[in-house]
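Observations on the model geometry
Listed below are the residues making up each chain.
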Amino acid sequence: MKFTASFIALLSVVPFAAAQVAEWGQCGGIGWTGQCGTTCAAGLTCTVINSYYFQCLPGVRPLECVPPPTSSVPTSTASSPGSSPTVSGSGLNADAQAAGFKYFGSATDNNELSDTAYVNILKVPSQFGQITPANSMKWDATEPTRGQFTFTGGDQIYNFAKANGQIVRGHNCVWYNQLPSWVSNSGFNAATLTSVIQTHCSTIVSHYKGGIYAWDVVNEPFNDDGTWRTDVFYNTLGQSYVAIALNAARTADPNAKLYINEYNIEYPGAKATSLLNLVKSLKSQGTPLDGVGFQCHFIVGQVPTTLGQIMSQFVATGVEVAVTELDIRTTTPASTSALQQQQKDYQSVVSQCKATTGCVGITVWDYTDKYSWVPNTFSGQGAACPWDQNLVEKPAYQGIVAGFQ
Ligand code: G3I
């Protein structure tokens, strides 16, 4: 187990001074109006019976706070119809929680939610306890024109997750990519760009206030050589844009964990060192920062064995860490031996996170090869996810299960 018994006991009582629910009492679900942070009485676990009814049953796992949507977010709608497929074993999220993690989750995208077979796997809480929108909370999706916000896509995924008792990671506030030209090409001076960042971050974070577990507030600030990425934010404001965004996000939702999310920091090198130094600097200045996301876009046979070690260096600065975008690609079509190596690779990532105190969860960057971003970016590469194109579990699935043991 990752957490000590005393820490688990602490979790169950500390976040909210809320009422205790007796055995068989309701503690969550769609339409439930009880207070967020309600805890089951000692010895009981808030258990998902179905999307509409969470109940306090005998057990020892602490209740995670799954607050109802704020009033600005449309009412939850039921996920797609159809029966769910059988879950292999306990389910990846159940295995993750049994191992002391907060969640095992997946990214998804709006167009995928019309695929019933896909949704019938994604919506199973014992399989996925957390959802990240892959695109629909990004700047181009939420503020395509200055001051005109749209949350249609983000709300659809948010409500899907809430309907299924899944927590949500917000992705993302400030990133050089998928950034409208009105931000990147307008020639804003420092004062105006500061205001633009503050308005954007505070508006999107406020919209989901109380309902998001963590936000990737700043995404990919560094180049691979450890120098700052020279996007409009850095070129105009220097590194101060990071604190501007984090402070705006904290004010907008004091309960959301605020993350910096980055790739190619999973092994020692200039990029990991630069981010570590940034995190230390932000912490020493009192800038709000709660977590660092390790994206973990890996290649079969090349998964770094240093992941846990690097994560621990970040945890030592006072932040939590998470695997936020895991996939492990190979040449397609994937050979049998590549899929066997991929199984070991997934196990390695999970077990390194499990061995790291402060690694709170793992998110795959979509669970199926059917919707992976990889083939669109790396020609001839793919097969990176734990489920194949036909939504069939690959050996990687058992690698994840083994990693949690
Ligand atoms: O929305 C347009 C659509 O209108 C148009 O018809 C279509 C034509 O290609 O493109 C659509 O936009 C695509 C968008 O995904 C939504 O599907 C973009 O072309 C495509 O480039 C974009 O790719 C996304 C990529 O980020 C952009 O950099 C991937 O789906 C998304 O999975 C990926 O996610 C990133 C994380 O945010 C950050 N870390 C790396 C990760 C993988 O690249």
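In case you missed it, the structure is sitting above this.
As a starting point, this report considers the structure included with it. None of the values given here were measured: they were computed from a predicted structure.

Turning to the packing of aromatic side chains, a few remarks are in order. In the structure shown here, the tally under the stated rule is 23 aromatic pairs. An angle of 70° between the planes, with centres 6.3 Å apart, marks the rings of W182 and F188 as edge-to-face. The exposure classification of W182 matches that of F188, with both residues buried. One cation-aromatic arrangement involves R169 over Y259; the distance from NZ or CZ to the ring centre is 4.7 Å.

Right, let's get into the environment of Q381. Looking at where Q381 falls in the secondary structure, it is placed in strand β15 (residues 381-382). Leaving out residues up to four positions away in the same chain, Q381 has contacts with R329, T330, T331, T332, V374 and P375.

One finds I197, W215, F233, F294, F314 and L326 to be the most contacted residues of the largest nonpolar core, which totals 92 residues. In contact with W215, other than residues within four places in its own chain, are M137, G170, H171, N172, C173, I204, V205, Y208, A256, K257, L258 and Y259. Core analysis: the next-biggest nonpolar cluster, separate from the first, contains seven residues, Y103, I167, A214 and Y259 among them.

On to the environment of P268. Its location among the elements puts P268 in the loop between β10 (257-262) and α10 (270-284). Between the alpha carbons of P268 and T306 there is a distance of 7.5 Å; along the sequence they are 38 residues apart. Contact partners of P268, with chain neighbours within four places excluded, come to T306, Q309 and I310.

Tallied over the full model, the rule gives seven salt bridges. One salt bridge in this structure joins D115 and K370, with 2.7 Å as the shortest N-O distance. In this pair, D115 sits in the loop between β6 (103-108) and α3 (116-122) while K370 sits in the loop between β14 (359-364) and α13 (374-377), placing the two residues 255 residues apart along the sequence. R169 is paired through a salt bridge with D216; the nearest N and O atoms lie 2.9 Å apart. Placement of R169 in strand β8 (residues 167-174) and of D216 in strand β9 (residues 214-219) is noted, with a sequence separation of 47 residues between them. Like D216, R169 is buried. Linked through salt bridges whose partners overlap, the residues forming this network are D224, E262 and K271.

Attention now goes to the state of the cysteines. Enumeration over the complete set of coordinates arrives at one disulfide. One disulfide bridge connects C353 with C359, the sulfur atoms lying 1.9 Å from each other. Sign of the S-S torsion, about -85° for the bond between C353 and C359, identifies this disulfide as left-handed. Look at C359 and you get buried, because its relative accessible area is 1%.

Across its 19 residues, helix α12 (residues 336-354) extends 27 Å between first and last C-alpha, which sits within 8% of the 27 Å expected from 1.5 Å per residue. What α12 keeps buried is the set A338, L339, Q342, D345, Y346, S348, V349, V350, Q352 and C353.

About the criteria used
- Residues numbered from 1 in each chain as written.
- Predicted model: local features only at pLDDT ≥ 70, side-chain atom pairs only at ≥ 80, totals over all residues.
- Heavy atoms only, no water.
- Phe/Tyr/Trp six-rings, centres within 6.5 Å; stacked < 30°, edge-to-face > 60°.
- Buried < 20%, exposed > 50% of the residue type's maximum accessible area, 1.4 Å probe, protein only.
- Lys NZ or Arg CZ within 6 Å of the ring centre and 35° of its normal.
- Helix = DSSP H or I, 4+ residues; strand = E, 2+ residues; numbered from the N terminus.
- Contact = heavy atoms within 4.5 Å.
- Core = buried A, V, L, I, M, F, W, Y, C linked by side-chain atoms within 4.5 Å.
- Salt bridge = Lys/Arg side-chain N within 4 Å of Asp/Glu carboxyl O.
- Disulfide = S-S within 2.5 Å.
- Expected span 1.5 Å × (residues − 1).

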